[in-house]
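Here's the letter readout for the chains.
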Amino acid sequence: MKKSIVLLLMLSTLFGIFAIAMSAYSEPITPFYNNTYQARTTVSIDSNGKATVNVYYYGRVGVTKSATITTKLQKNVSGVWQDVSIGTANNSWIDTSSSFTATFNHTANLTSRGTYRAISTYQISGTGGATDVIESISEAIY
């Protein structure tokens, strides 16, 4: 009888530990920002080599006051990311907004096949604390 109770306690403890460990893996880690909930950049390339870059952030109503987003399109050349010429100063798209949420779209015509990425740096200011500086990267193959 005593062995049965000890075995039952050991098994229940093991199952409890296993359940806690598994629940920790099922919950994604979401960063908490001061002035925004989310910032995301995506890039897609169609079969003709037209790259479309979407820049998006969703801030906090009454908290988010302004955003500046700098985006570059880059190509992987022998393991090194090189800026793609997009016809702007510093080969960068710079978007600004005073809204709590905004979406911007940019396009570029690519001249050669390869692996490309869009890399954006978001600077989102507001009354929630220090300016959020967030980097978002998205890759696509042409």
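Further up the page is the structure itself.
Rules of the game
Residues numbered from 1 in each chain as written. Predicted model: local features only at pLDDT ≥ 70, side-chain atom pairs only at ≥ 80, totals over all residues. Heavy atoms only, no water. Pairing = 2+ DSSP bridges. Helix = DSSP H or I, 4+ residues; strand = E, 2+ residues; numbered from the N terminus. Core = buried A, V, L, I, M, F, W, Y, C linked by side-chain atoms within 4.5 Å. Buried < 20%, exposed > 50% of the residue type's maximum accessible area, 1.4 Å probe, protein only. Contact = heavy atoms within 4.5 Å. Axes fitted to C-alpha atoms, helices over the stretch in contact; angles between N-to-C directions. Salt bridge = Lys/Arg side-chain N within 4 Å of Asp/Glu carboxyl O.

I tried to follow the pairing of strand β1 (residues 36-45) on my own but got confused; where do I start?
When a strand is regular, its side chains alternate between the sheet's two faces. Sheet topology places β1 next to strand β2 (residues 50-59); 9 bridges connect them, and they run antiparallel. The partner of Q38 across the bridge, within β2, is Y58. What sits between the antiparallel neighbours β1 and β2 is a turn of 4 residues, in which G49 has the positive phi angle 90°.

How should the nonpolar core be read in this particular structure?
Side chains that are nonpolar tend, in soluble globular proteins, to be buried together. In this structure, I45, V53, Y57, I69, L73, L110 and Y122 are the most contacted members of the largest nonpolar core, which totals 24 residues. Broken down by secondary-structure element, the contributors of at least two residues to this core are β1, β2, β3 (64-77), β6 (101-109), β7 (115-126) and β8 (132-141). Discounting chain neighbours no more than four positions away, the residues touching I69 are V55, Y57, W93, I94, D95, F104, S120, T121 and Y122.

Help me understand the sheet that holds β2 in this model?
Taken in spatial order, the 3 strands of this open sheet run β1-β2-β6, and their pairing is antiparallel. At either end of the open sheet lies a strand with only one pairing partner, and these are β1 and β6. In this sheet, adjacent strand axes meet at a mean angle of 10° when their direction is disregarded.

Explanation requested: the pattern of salt bridges in the structure shown.
Proximity of charged atoms lets side chains of opposite charge pair with each other. For the coordinates displayed, the defined rule picks out 1 salt bridge. For D83, the salt bridge goes to K72, with nearest N and O atoms at 2.9 Å. You can see D83 sitting in strand β4 (residues 80-83) and its partner K72 sitting in strand β3, a full 11 residues away along the chain. The class for D83 is partly exposed, based on a relative accessible area of 38%. Under the relative-accessibility criterion, K72 is labelled partly exposed at 21%.

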